[in-house]
Amino acid sequence: MKKIILTGDRPTGKLHIGHYLGSLENRAKLQDEYDQYIIIADVQALTDNFDNPEKVRKNVLEVTMDNLACGIDPDKSTIFIQSMIPEIAELTIFYSNLVTVARLERNPTVKTEISQKKELFGVEGDSLTYGFLGYPVSQTADITAFNADIVPVGEDQLPMIEQAKEIVRKFNSLYGDVITEPKAMIGNVARVKGLDGNNKMGKSLGNAIYLSDNEQTITLKVMSAITDETKIKKYDKANPDKCMVGYYHDIFSEKDKEKVFLECRQGLRGCVDCKKQLASNITKTLAPIREKRKYYEERPELVEQILKEGIKKARKKARQTMKKVKKAMKINYFKNN
Ligand code: ATP
Ligand code: MG
């Protein structure tokens with residue numbers, strides 16, 4: 001029996017290079033070896049976008065296409081939409097008894113996201129909803145409804161997996177050993193920083209290079225990246241470690257990064273040249289992804305069909321888990337329920 005993976009994204013925007021390096025690259029590699037489920041987490045996206053359902057709806061297809069563009073094969077991986085699997089919502093309710101409000105308030109990811117919202121949108125603490133505070137519980141249900149062993153995630157999600165483990169342990173200790181305890185798996189770059197120097201590139205943070213960006217957009221974005229502020233004139237010496245362009249060269253410029261760093265330190269290369277080269281390297285890396293994405297953009301009915309089939313498969317699996325859960329919780333009242 002293959003081990004099970006559950007991973008996914010919130011349909012809050014198109015996916016970016018952080019998602020690719022943090023998670024999607026791994027997903028494409030792991031789909032042969034594992035039984036992989038990819039959730040498009042629309043219910044979770046609504047927890048902080050409930051007033052903008054149009055945005056969530058639109059991005060369900062975008063995020064699906066981003067996954068397919070990165071090499072997710074629908075014959076090997078099951079891609080599905082969270083809200084189409086009501087068993088997840090059911091399981092969320094059962095799990096909500098097994099976690100305290102104080103524990104959720106202490107969750108580091110939730111804390112960071114709340115303070116980012118305050119900074120970016122001026123959202124006050126007292127407008128924190130029950131739904132948003134509880135999204136780690138719903139994420140635990142996403143993972144465990146499929147009895148996932150492994151969850152490939154970026155570093156920002158580690159506290160979520162810790163929270164999930166605690167809920168699973170509590171469930172199993174109360175009702176019997178029914179639910180698999182999941183493990184996180186970190187990608188090649190655990191946390192890709194944003195163009196603005198923020199320690200996370202995020203699709204809700206406006207500091208990202210998207211997988212669907214063309215060369216012109218990538219160049220414009222790279223031109224705006226934060227550089228070493230002590231370098232004022234073209235041939236001033238600078239420190240690539242203090243520069244976002246240096247940071248991305250390290251990831252995307254395998255072949256020429258040594259030369260780029262040396263020339264930067266010795267004051268032999270201006271920032272504009274350095275940025276142009278980076279933009280060209282990122283464009284080259286993303287070219288096959290962009291091409292594959294175009295194929296699916298031109299065939300929206302195919303993307304819909306892939307989702308419909310994924311939903312069917314995912315629902316079957318989640319139903320099996322719920323049967324066991326209800327039996328363990330003694331709420332299987334009649335023979336066939
Ligand atoms: P949002 O701002 O709406 O939360 P996001 O950019 O954080 O969007 P998610 O859909 O929440 O994206 O995350 C999907 C997956 O990608 C998660 O596993 C997350 O850890 C990973 N991920 C997101 N941003 C990064 C990043 N900058 N570096 C590495 N992994 C990332
Ligand atoms: Mg996120």
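Coordinates for the structure precede this section.
Every residue gets a number counted from 1 within its own chain, in the order that chain's sequence is written. Each chain takes a letter, starting from A, and each ligand takes a number, starting from 1, following the order in which they are written. Totals for whole chains, interfaces and linings use every residue, but because this is a predicted model, local features are given only for residues with pLDDT of at least 70 and side-chain atom pairs only at 80 or more, for both listing and counting. Excluded from the side-chain calculation are hydrogens and water; included are all heavy atoms of the structure.

Trainee: Help me understand the overall build of the protein chain in this model?
Mentor: Here a strand is any run of E in DSSP of at least two residues, a helix any run of H or I of at least four, and the numbering for each starts at the N terminus. Scanning the protein chain from terminus to terminus reveals 14 helices and five strands. Computation of the radius of gyration draws on C-alpha atoms alone. For the globule rule, the value is 2.2 Å times the number of residues to the power 0.38. In terms of overall dimensions, the protein chain is globule-like: its C-alpha atoms have a radius of gyration of 22 Å, near the 20 Å expected for 337 residues. With the principal axes as the frame, the protein chain shows a C-alpha extent of 80 × 45 × 35 Å. Note on contacts: a residue pair is in contact if any heavy atoms of the two residues lie within 4.5 Å. Sequence separation of 24 or more characterises 77% of the internal contacts of the protein chain that already satisfy a separation of 6 or more. Computed by Shrake-Rupley with a 1.4 Å probe, the accessible areas treat only the displayed protein chains as cover when residues are assessed. As displayed, the protein chain offers around 17100 Å² of accessible surface, 52% of which is attributable to carbon and sulfur atoms. Charge counting follows a simple rule: Lys and Arg are positive, Asp and Glu are negative, and His as well as the terminal groups are ignored. For charged residues, the charge sits on one atom: NZ in Lys, CZ in Arg, CG in Asp, CD in Glu. Positive and negative side-chain charges in the protein chain, numbering 55 and 47 respectively, have mean positions lying 3 Å apart.

Trainee: Honestly, the nonpolar core in this entry has me stumped. Any pointers?
Mentor: Side chains that are nonpolar tend, in soluble globular proteins, to be buried together. For the purposes of this section, nonpolar cores are sets of buried Ala, Val, Leu, Ile, Met, Phe, Trp, Tyr and Cys residues that join through side-chain atoms within 4.5 Å. To sort residues, take the accessible area from a 1.4 Å probe on protein chains only and compare it with the maximum for the residue type: under 20% means buried, over 50% means exposed, and anything in between is partly exposed. Within the largest apolar cluster, 85 residues are counted, with the highest numbers of intra-cluster contacts made by Phe80, Tyr95, Phe146, Tyr248 and Val325. Among the elements that line this core, the one with the most residues is helix 14 (residues 300-328), at nine residues.

Trainee: I would appreciate a short explanation of helix 3 (residues 53-69) in the present structure.
Mentor: Each full turn of the α-helix corresponds to 3.6 residues, which orients residues three or four apart in the same direction. Given a rise of 1.5 Å per residue, 17 residues ought to cover 24 Å, and the 25 Å separating the end C-alpha atoms of helix 3 matches this to within 8%. Note that bend, as reported per residue, equals the angle between axes fitted to the 7 residues terminating at that residue and the 7 residues originating from it. Of all the bends in helix 3, the greatest measures close to 30 degrees and is centred on Asn59. Burial in helix 3 covers these residues: Val56, Asn59, Val60, Glu62, Val63, Thr64, Met65, Asp66, Asn67, Leu68 and Ala69. Helices are assigned an expected span. That span is 1.5 Å times one less than the residue count.

Trainee: Just to check I follow, could you spell out unusual backbone geometry for this structure?
Mentor: Most peptide bonds take the trans form, and the phi angle of most residues other than glycine is negative. One non-glycine residue, Asn147, lies in positive phi territory at about 50 degrees. Checked against the element boundaries, Asn147 lands in the loop between helix 8 (135-144) and strand 4 (150-153). Exposure remark for Asn147: the relative accessible area of 13% places this residue in the buried category. Positive phi outside glycine occurs at Lys330, with the angle close to 60 degrees.

Trainee: I keep staring at the packing of helix 11 (residues 244-252) against helix 12 (residues 257-265) and nothing clicks. Help me out?
Mentor: The axes of two packed helices give the description: the angle between them and the distance between them. Inter-axis angles, ranging from 0 to 180 degrees, are taken between N-to-C directions of lines fitted to C-alpha atoms, where helices are fitted over the stretch in contact. The N-to-C vectors of helix 11 and helix 12 enclose an angle of 160 degrees; their axes lie 9 Å apart at closest approach. One element, helix 11, and the other, helix 12, form an angle in the roughly antiparallel class. Along this stretch, helix 11 crosses helix 12, giving a crossing that reads as left-handed. Residues Gly246, His249 and Asp250 of helix 11 pack against Lys257, Val260 and Phe261 of helix 12. We call Asp, Glu, Lys and Arg charged. Ala, Val, Leu, Ile, Met, Phe, Trp, Tyr, Cys and Pro are nonpolar, and the rest, Gly among them, are polar. Of the residues that constitute the contact of helix 11 with helix 12, the class distribution is two nonpolar, two polar and two charged. Under this scheme an angle from 65 to 115 degrees is roughly perpendicular, one under 35 degrees roughly parallel, and one over 145 degrees roughly antiparallel; angles in between are oblique. Handedness of each helix crossing follows the sense of rotation of the near helix against the far helix: counterclockwise by less than a right angle gives left-handed, clockwise gives right-handed.

Trainee: Can you walk me through the site of ligand 1 in this structure?
Mentor: One heavy atom within 4 Å of a molecule or strand is enough for the residue carrying it to be called near that molecule or strand. Close to ligand 1 lie 20 residues, the nearest being Thr12, Gly154, Asp156, Lys200 and Lys203. Polar contacts, as counted here, are pairs of nitrogen or oxygen atoms within 3.5 Å of one another; within protein the pair requires one atom able to donate a hydrogen and one able to accept it, and residues that are adjacent in sequence qualify only if both atoms are side-chain atoms. Between Gly18 and ligand 1, the recorded distance is 3.4 Å, taken from a backbone N or O atom to a nitrogen atom. Contact distances for ligand 1 include 2.6 Å between an oxygen atom and a side-chain N or O atom of Asp156. Burial of ligand 1 by the protein amounts to 95% of the accessible area it has alone, namely 600 Å². Listed by contribution, the elements that provide at least two residues to the shell around ligand 1 are strand 1 (4-9) and helix 1 (17-30). Per-element tally for the shell around ligand 1: the top contributor is helix 1, with three residues. Among the residues making up the shell around ligand 1, the classes are represented as four nonpolar, 10 polar and six charged.

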